[in-house]
Amino acid sequence: MANEIKTIAVLTSGGDAPGMNAAIRAVVRTAISRGLKVKGIKRGYMGLLNEEIVDLEARNVSDIIQRGGTVLGTARCLEFKKAEYQKKGADICKKHGIDGIVVIGGDGSYRGAQALSRLGINTVGLPGTIDLDIACTDYTIGFDTAVNTAMEAIDKVKDTSSSHERCSIIEVMGRNAGYIALWCGIANGAEDVLIPEKYDYNEQEIINHIIESRKKGKTHHIIINAEGIGHSTSMARRIEAATGIETRATILGYMQRGGNPTAIDRYYASIMGAYAVDIMLQGKTNRVVGYKNGQFVDFDIEDALKMEKGIDEYQFEVAHLLTV
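The shown structure was predicted, so the numbers you read here are calculated from the model rather than taken from an experiment. (Residues numbered from 1 in each chain as written. Predicted model: local features only at pLDDT ≥ 70, side-chain atom pairs only at ≥ 80, totals over all residues. Heavy atoms only, no water.)

## What to know about the overall build of the protein chain
In step 1: Across its full length, the protein chain holds 11 helices and 11 strands.
In step 2: For a compact globule of 324 residues, the expected C-alpha radius of gyration is about 20 Å, and the protein chain comes in at 22 Å, within 12% of that figure.
In step 3: With respect to the three principal axes, the spread of C-alpha positions in the protein chain is 70 × 35 × 35 Å.
In step 4: Split into buried and exposed, the 324 residues of the protein chain put 52% on the buried side.
In step 5: The long-range share in the protein chain, meaning contacts at least 24 apart out of those at least 6 apart in sequence, stands at 74%.
In step 6: About 14500 Å² of surface is accessible on the protein chain, with carbon and sulfur atoms providing 48% of the total.
In step 7: Here the protein chain carries 38 positive and 41 negative side-chain charges, and the mean point of each set is 6 Å from the other. (Helix = DSSP H or I, 4+ residues; strand = E, 2+ residues; numbered from the N terminus. Rg over C-alpha atoms; globule rule 2.2 N^0.38 Å. Buried < 20%, exposed > 50% of the residue type's maximum accessible area, 1.4 Å probe, protein only. Contact = heavy atoms within 4.5 Å. Areas by Shrake-Rupley, 256 points an atom, 1.4 Å probe, with all protein chains shown as cover. Lys, Arg positive; Asp, Glu negative; His and termini not counted. Charge placed at Lys NZ, Arg CZ, Asp CG, Glu CD.)

## Some points on the side chain of E203
In step 1: Here E203 lies in helix 7 (residues 203–215).
In step 2: Setting aside its immediate chain neighbours within four residues, E203 contacts M235 and R238.

## Focus: the packing of aromatic side chains
In step 1: This model, assessed by the stated rule, comprises eight aromatic pairs.
In step 2: Ring geometry for Y268 and Y291: centres 4.7 Å apart, planes at 45°, overall tilted. One end of the pair, Y268, is in helix 9 (residues 263–281); the other, Y291, is in strand 10 (residues 287–292), and 23 residues separate them in sequence.
In step 3: Residue Y291 is classed as buried on the basis of its relative accessible area, which comes to 15%. (Phe/Tyr/Trp six-rings, centres within 6.5 Å; stacked < 30°, edge-to-face > 60°.)

## Examining the nonpolar core
In step 1: Among the nonpolar cores identified, the biggest contains 59 residues, and I8, I104, L126, I180 and I224 are the most heavily contacted of them.
In step 2: When sequence neighbours within four positions are dropped, the list of residues in contact with I8 reads V27, A31, L36, K37, V38, K39, I98, G100, V277 and M280. (Core = buried A, V, L, I, M, F, W, Y, C linked by side-chain atoms within 4.5 Å.)

## As for the pairing of strand 5 (residues 122–127)
In step 1: Along strand 5, six of the six residues are buried, which leaves the element largely enclosed by surrounding structure.
In step 2: What you see with strand 5 is no split at all: N122, V124 and L126 on one side and T123, G125 and P127 on the other are buried throughout.
In step 3: Since strand 4 (residues 100–105) and strand 5 lie parallel, the crossover through helix 4 (residues 107–118) that links them has a hand, and here it is right-handed.
In step 4: Alignment of strand 5 against strand 10, held across two bridges, turns out to be parallel. Bridge pairing links V124 to R287 in strand 10. (Right-handed = clockwise from strand over helix to strand, strands pointing away. Pairing = 2+ DSSP bridges.)

This is how it looks when you write it as structure tokens:
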């Protein structure tokens with residue numbers, strides 16, 4: 001059973017994502033409107049263990065909805081995987097009068113939330129990751145901004161690639177998931193899309209595609225390479241040696257994590273933040289908020305972590321088809 005809620009806290013954990021601030025703002029203002037006290041925990045679970053806890057009022061989250069990153073800060077905390085530190089975290093929550101925590105992050109953050117729930121702290125997780133790799137939800141906070149940032153950068157690289165008649169390998173983020181690469185592959189009209197879920201490491205096939213495209217008069221060749229495959233620079237050297245065509249690698253990197261969140265990331269993150277507070281007040285704990293089939297929903301964290309997510313076969317087929 002969930003405990004009675006009088007004071008809640010909010011933290012962001014793991015990699016930052018555009019839209020996290022919108023979620024923080026929604027949690028704070030929804031909780032205050034429901035008569036709760038709110039605290040912010042800085043630097044994720046590391047900040048919890050270090051008692052970096054501050055009181056938050058509505059005015060503290062003014063003018064943050066348009067900002068990228070997270071005003072609370074974030075950090076990796078390997079210690080929180082250990083039972084002794086999880087208990088310490090729960091004890092610190094109780095010391096500060098925190099009855100519940102909204103955790104904004106990915107799968108690793110959910111495991112920390114699950115541990116706190118078992119120790120008597122009400123917890124709700126929000127899917128904050130640009131990777132779109134959380135199985136229980138069709139949307140994750142930050143993905144839309146990240147994929148638009150990558151798309152705009154790839155358009156620019158494509159311009160210069162065409163001018164110099166080059167092959168360009170552009171590496172996008174996504175950890176071990178290929179969603180950013182797949183979306184950019186279609187949105188940018190790339191000639192090849194390499195994602196860890198589907199790539200068979202047949203580099204000769206890519207080389208043959210480049211040569212055939214050049215014979216047909218194509219002045220550039222754009223390859224979107226997912227972070228989970230990587231090695232873009234060495235791949236570029238091999239392709240240039242095999243084709244005789246100047247080939248360059250561009251790794252977009254952390255620019256995809258930053259920038260002003262899109263309307264979608266601001267809107268969905270705000271609804272999710274409010275939803276998290278309200279389901280906690282309904283007595284729910286150990287939950288993760290998701291967006292499925294056009295609806296905001298919630299799942300048991302344990303069930304959510306067991307779910308598996310794959311690349312949609314039809315979408316991948318379309319990405320390949322449109323390169324012809």
